[in-house]
Amino acid sequence: MVIDRDVARFSVGVIGNVIALILFLSPLPTFIRIWKSKSVEQFSPIPYLATFINCALWVLYGLPWVQPHSILVVTINGTGLGIEIVYLTLFLLYSDRKQRTKVFFIVLGEIVFVAILSACVLTFVPGNKKRAAIVGSICMVGNILMYASPLSVMKLVIKTKSVEYMPFFLSLFSFLNGVSWTAYALIRFDAYILAPNSMGTVLALAQLLLYATYYKSTKRQMAEREAKGEVVMAEKSVSGRVAQKPRNDSRV
């Protein structure tokens, strides 16, 4: 039985949409932690800033006036764009003033860039083929930036020998997402999707290897920190009782 290439591509695209949605939602535990603690701690906004502009660029690429028959590209990246807006809003709410200002102006710059690009391509560039070539080339750069954005976190992991601030599920689903969209691009060759996603697969695999390498040392550090916190609390409790003792004696 011969499977139609378009059917196969659509099926893989649907799988890619599901995995990409899980990828976009995978940092949810991180942002629940941020929301509860009212602090972004040492979490980096870079992956979410990179994903924000990446999704916006791919929505533009998938429009009928740029690259027809790419509805699956539009649906998942439009959804991802909405999710990243929520994440970045939380970063703006719970960052310190310096970081908040930095994140705000980066987001503003990204919005202005995509708006100018959209206006110029749709107004001055004739034909879908030329539009797809221009937007697709820029999308490749955006996608590579999204996959490469955790490199700053990987540097922190190697320095601290801890993966506490590199969410596991973000790395895992980045890997699965890269694999699925690489397959999608190979079924009907699309270099603009293939190049960044194949590279992203390799980078995400490197993150998973780092996670495996430093998982035990992370657990040990967290246990030591928790034990130290308990000792400090116990010392405070004891010193509090000692401080209260003279007042009890004076009453007697």
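Because the structure is predicted, anything quoted here is derived from the model rather than measured. (Residues numbered from 1 in each chain as written. Predicted model: local features only at pLDDT ≥ 70, side-chain atom pairs only at ≥ 80, totals over all residues. Heavy atoms only, no water.)

Concerning the overall build of the protein
Within the protein one finds 9 helices and 0 strands. Secondary structure elements in the protein, listed N-terminal to C-terminal, are α-α-α-α-α-α-α-α-α. Taken across its 252 residues, the protein has 42% of its residues classed as buried. Here the analysis covers contacts within the protein between residues at least 6 apart in sequence; of these, 80% occur between residues at least 24 apart. (Helix = DSSP H or I, 4+ residues; strand = E, 2+ residues; numbered from the N terminus. Buried < 20%, exposed > 50% of the residue type's maximum accessible area, 1.4 Å probe, protein only. Contact = heavy atoms within 4.5 Å.)

Comments concerning the confidence of the model for the protein
Caution is warranted with low-pLDDT regions, since their predicted coordinates should not be read in detail. Summing up the model confidence of the protein, the mean pLDDT is 82 and the portion of residues at 70 or higher is 89%. Ranking the elements of the protein by mean pLDDT puts helix α9 (residues 191-251) last with 72 and helix α5 (residues 97-124) first with 93. (pLDDT = per-residue confidence, 0-100.)

Quick word on the UniProt feature "transmembrane region" (unreviewed entry) in the protein
Summarizing the sequence annotation, UniProt attributes the feature "transmembrane region" (unreviewed entry) to residues 12-34, 46-65, 71-94, 103-126, 132-153, 165-187 and 193-215 in the numbering used throughout. Along residues 46-65, the helical share is 85% and the strand share 0%, with 31 Å between the first and last C-alpha atoms. Each end of residues 103-126 is marked by a C-alpha atom, and these two atoms are 35 Å apart; helix forms 92% of the span and strand 0%. (UniProt positions renumbered as here; feature names shortened; annotations may be inferred.)

A look at the packing of aromatic side chains
Per the counting criterion, the structure on display carries 11 aromatic pairs. Centroid distance Phe31 to Tyr87: 4.3 Å. Interplanar angle 5 degrees. Geometry classified as stacked. Here Phe31 is found in helix α2 (residues 28-37), whereas its partner Tyr87 is found in helix α4 (residues 71-94), with 56 residues between them in sequence. Assessed through its relative accessible area of 2%, Phe31 is described here as buried. (Phe/Tyr/Trp six-rings, centres within 6.5 Å; stacked < 30°, edge-to-face > 60°.)

Brief notes about the nonpolar core
The biggest cluster of nonpolar side chains holds 44 residues, and the ones touching the most others in it are Phe31, Tyr48, Leu88 and Val135. Elements that contribute at least two residues to this core include exactly α1 (5-25), α2, α3 (46-62), α4, α5, α6 (128-148), α8 (168-187) and α9. Other than its neighbours up to four places away in sequence, Val135 contacts Leu57, Leu60, Tyr61, Val66 and Val121. Core analysis: the next-biggest nonpolar cluster, separate from the first, contains 8 residues, Val153, Val163, Met166 and Leu210 among them. (Core = buried A, V, L, I, M, F, W, Y, C linked by side-chain atoms within 4.5 Å.)

Things to note about the side chain of Thr201
Residue position: Thr201 is located in helix α9. Other than its neighbours up to four places away in sequence, Thr201 contacts Phe175, Gly178, Val179 and Thr182.

Examining the packing of α3 against α4
The N-to-C vectors of α3 and α4 enclose an angle of 155 degrees; their axes lie 8 Å apart at closest approach. Regarding the angle of α3 to α4, the classification is roughly antiparallel. Note that α3 runs across α4; the crossing there is left-handed. Within the contact between the two elements, α3 uses Tyr48, Leu49, Thr51, Phe52, Cys55, Ala56, Trp58, Val59 and Gly62 and α4 uses Val73, Val74, Asn77, Gly78, Gly80, Leu81, Glu84, Ile85, Tyr87, Leu88 and Phe91. Counted by class, the contact of α3 with α4 contains 14 nonpolar, 5 polar and 1 charged residues. (Axes fitted to C-alpha atoms, helices over the stretch in contact; angles between N-to-C directions. Parallel < 35°, antiparallel > 145°, perpendicular 65-115°, else oblique. Left-handed = near helix turned anticlockwise from the far one by under 90°. Nonpolar A, V, L, I, M, F, W, Y, C, P; charged D, E, K, R; others polar.)

Side note on the packing of α3 against α5
At a minimum axis distance of 10 Å, the contact between α3 and α5 shows a crossing angle of 15 degrees. For the element pair α3 / α5, the angle class is roughly parallel. Crossing angle aside, the handedness with which α3 passes α5 is right-handed. Listed contacts from α5 to Leu49, Phe52, Ile53, Ala56, Leu57 and Leu60 of α3 are Val103, Ile106, Val107, Glu110, Ile111, Phe113, Val114, Leu117 and Ser118.

Here we look at the environment of Gln99
Tracing the backbone through its elements, the reader meets Gln99 in helix α5. Residues Gln99 and Pro45, 54 residues apart in the sequence, show an inter-C-alpha distance of 9.2 Å. Excluding residues within four positions of it along the chain, Gln99 makes contact with Val40, Phe43, Pro45 and Phe91.

Re α6
Along its 21 residues, α6 runs 29 Å from first to last C-alpha, staying within 8% of the 30 Å computed at 1.5 Å per residue. All of the buried residues along α6 are Arg131, Ala132, Val135, Gly136, Cys139, Gly142, Asn143, Met146, Tyr147 and Ala148. (Expected span 1.5 Å × (residues − 1).)

Observations concerning the side chain of Ser217
In this fold, Ser217 is placed in helix α9. A polar side-chain atom of Ser217 sits 2.6 Å from the main-chain carbonyl oxygen of Lys161. At a separation of 3.0 Å, a polar atom in the side chain of Ser217 contacts the main-chain carbonyl oxygen of Tyr214. (Polar contact = N/O pair within 3.5 Å; in protein donor to acceptor, adjacent residues only side chain to side chain.)

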